[in-house]
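Listed below, chain by chain, are the residues.
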Amino acid sequence: MSTDSTDGNTSTDDNVSTDGNVGTDGNVSTDITADWNARFGHTMMRTLATPKVMLARGEGCRVWDVDGKEYLDFLGGIAVNSLGHAHPVLVDAVSRQIATLAHVSNYFATPPQLELAERLTRVTGAGAGGRVYFGNSGAEANEAAFKLARLNKGNGHRTRVLALNNAFHGRTMGSLALTGKPPMRAPFEPLPGGVEHIESTIAALEAAIDDHVAALFIEPIKGEAGVLDLPEGFLRRARELTEQHGALLIIDEIQTGVGRTGRWFAYEHAGITPDAVTIAKGIAGGVPIGALVTFGWASELFSRGQHGSTFGGNPLATAAGNAVLKEIEDAGLVENAARRGDELRAIIRSFDSPLIGELRGQGLLVGIGLTDGEAHRLSDAALANGLIINAPNESSIRLAPPLIVGDDELSGFRERFGRALASL
Ligand SMILES: *Cc1c(COP(=O)(O)O)cnc(C)c1O
């Protein structure tokens, strides 16, 4: 049975498309687990495969299941738990904010909302010309970006939107239209029109772009597809061509952003500035939030009444975001992601296993290419050995541990991953 565990799973198996569900072969035998398995199977929508583990609590980079078994978490809720679990800074900020003011509607401003908007324009590099729209998820951030793209009309001639094959942008109708995975889109067509998917090569981009393009969407490291890097120079060329043709360059940093790759945002590695960036997963450490940040002229496109969200930007979620971003700065976690990412890669390379092929990604977003289609068996074996990793497809392992990982967690990874490899 499939225990696929990604947003971007395009397997044809019945049990697809779970979000963060980590499967295992470990037989569960106690009454409490047998009971929740049945309950899950009966009441949860069939979009989710029934997980094999039910988690009860977490602390730092560790979680415990309902039977008390401990796991080292090297997936971090798919790049969401930037500060790990139950971090005191986040617990304190959220507790204080919910006891003060949780939600007010967008007829009112609140201090945490403005503070987070200012932080985001600063860390993205959008600066004084930047603007922020808040939603509640990655998909919503991309929906906002899609609407932004439609507003870049030219004289009505900009009708094309370009996106990349195999890129994942979300599950709502608009973000699904951008997603470059036909099997995921097919059951839900017709989707919003005008989106064309191209190969992630400079040649394909040069051939596709013209003055009719309103926007180019790029996922800078394709996380759901198995942590696939773009070709060298792709982002720089994309910046040149979009600028030349008046198209928006929109970078989806939902998985790669907020320090994950060892820079605040993955586009910094290429030395470019986009026109818009979408952010979500890692911003608020597990409290739902998404954001679209615009730069320069892109900040002038939306006008009053053209977009909105009831929950978007509420003081509870934005207070969580402020706490997480401040802690990332105070504790030097962007630098930690770069350094620990190097150490993690060195550990993986040190295993003399014929199964391990290339290493992909950057910082603490690590893709392990397997030489054989054993990814699900390996992630199941890891789970049985007390280690949470993820198999986005049969030939890739994805790691996205909390940005706080240190020596202790890395040596725990070495030991448990080694045992999992040896057990195959
Ligand atoms: C997770 C993800 C999304 C969708 O985010 P949701 O919060 O699940 O809607 C979009 N783009 C990328 C690159 C992602 O990793």
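Placed above this text is the structure.
In this report, the structure presented in the accompanying data block is examined.

Thresholds, definitions, all that
Residues numbered from 1 in each chain as written. Predicted model: local features only at pLDDT ≥ 70, side-chain atom pairs only at ≥ 80, totals over all residues. Heavy atoms only, no water. 1 Å grid on protein atoms, 1.4 Å probe; cavity = no way out; pocket = protein on both sides within 12 Å on 5 of 7 lines; lining within 4 Å. Points joined across faces, edges and corners; volume = space filled by probe spheres on them. Nonpolar A, V, L, I, M, F, W, Y, C, P; charged D, E, K, R; others polar. Pairing = 2+ DSSP bridges. Helix = DSSP H or I, 4+ residues; strand = E, 2+ residues; numbered from the N terminus. Contact = heavy atoms within 4.5 Å. Axes fitted to C-alpha atoms, helices over the stretch in contact; angles between N-to-C directions. Phe/Tyr/Trp six-rings, centres within 6.5 Å; stacked < 30°, edge-to-face > 60°. Buried < 20%, exposed > 50% of the residue type's maximum accessible area, 1.4 Å probe, protein only. Lys NZ or Arg CZ within 6 Å of the ring centre and 35° of its normal. Near = heavy atom within 4 Å. Polar contact = N/O pair within 3.5 Å; in protein donor to acceptor, adjacent residues only side chain to side chain. Parallel < 35°, antiparallel > 145°, perpendicular 65-115°, else oblique. Left-handed = near helix turned anticlockwise from the far one by under 90°.

## Some words on empty space enclosed by the protein
Any space left empty among the atoms is revealed by the rolling of a water-sized probe across them. If you walk through the whole model with that rule in mind, you get two cavities of 30 Å³ or more. Around the largest cavity sit 13 residues that line it, and Val104, Ser105, Asn106, Gly313 and Asn314 are the ones nearest its centre. Its residues assigned to classes, the lining of the largest cavity shows four nonpolar, nine polar and no charged. Here the second largest cavity is characterised by a volume of approximately 30 Å³. Taken together, Ala79, Ser82, Gln255, Gly257, Val258, Arg260, Gly282 and Leu403 make up the lining of the second largest cavity. Considering only residue class, the lining of the second largest cavity consists of three nonpolar, four polar and one charged.

## Focus: the sheet that holds strand β3 (residues 70-73)
Overall, mixed pairing links the four strands, which are arranged β1-β2-β3-β15 in an open sheet. Lying at the two open borders of the sheet, with one neighbouring strand each, are β1 (55-59) and β15 (387-388). Pairing analysis gives three bridges linking strand β2 (residues 62-65) to β3, with the strands arranged antiparallel. Bridge pairing in β3 links Val63 to Tyr71. Most of the contacts of helix α13 (residues 407-423) go to β3, to which it runs at about 110°, and overall it touches β2, β3 and β15.

## Quick notes on the packing of aromatic side chains
On inspection of all chains with the given rule, the structure shows five aromatic pairs. Aromatic side chains Tyr267 and Phe295 sit 6.4 Å apart centroid to centroid with 80° between the ring planes, which places their arrangement in the edge-to-face category. A residue pair is termed long-range when its members are at least 10 positions apart, and Tyr267 in the loop between β10 (248-252) and β11 (276-279) and Phe295 in the loop between β12 (290-294) and α10 (315-330) qualify at 28 residues. Neither residue differs from the other here; Tyr267 and Phe295 are each classed as buried. In this structure, Arg57 packs its charged tip against the face of Trp64, placed 4.1 Å from the ring centre.

## Considering the site of the ligand
Neighbouring residues of the ligand: 13 residues in total, closest Gly138, Ala139, Asp252, Gln255 and Lys281. With respect to the ligand, the backbone of Phe168 contributes an N or O atom lying 3.3 Å from a nitrogen atom. The element best represented in the shell around the ligand is helix α5 (residues 138-151), accounting for three residues. Class assignment of the residues belonging to the shell around the ligand gives a composition of three nonpolar, six polar and four charged.

## Notes on the sheet that holds strand β13 (residues 356-362)
Pairing in this open sheet of four strands is antiparallel, and the strands run β13-β14-β17-β16 from one edge to the other. Every interior strand has two partners, whereas the edge strands, β13 and β16 (390-393), have only one. Between one strand axis and the next, the sheet turns by 30° as a mean value, whatever way the strands run. Sheet topology note: the strand β14 (residues 365-370)/strand β17 (residues 396-399) ladder contains four bridges and is antiparallel. What sits directly across from Gly369, in β17, is Ser396. Set on the sheet, helix α12 (residues 375-384) makes contact with β14, β16 and β17; between it and β16 the angle comes to about 165°.

## Points about the packing of helix α3 (residues 88-98) against α10
One can describe the packing of α3 onto α10 by two numbers: an axis separation of 9 Å at closest approach and a directional angle of 155°. The angle between the axes of α3 and α10 places the two elements in the roughly antiparallel class. For the pair α3 and α10, the sense of crossing is right-handed. Contacts between α3 and α10 involve Val89, Leu90, Ala93, Val94, Gln97 and Ile98 from the former and Pro315, Leu316, Ala319, Ala320, Ala323, Val324 and Glu327 from the latter. Tallied by class, residues from the contact of α3 with α10 come to 11 nonpolar, one polar and one charged.

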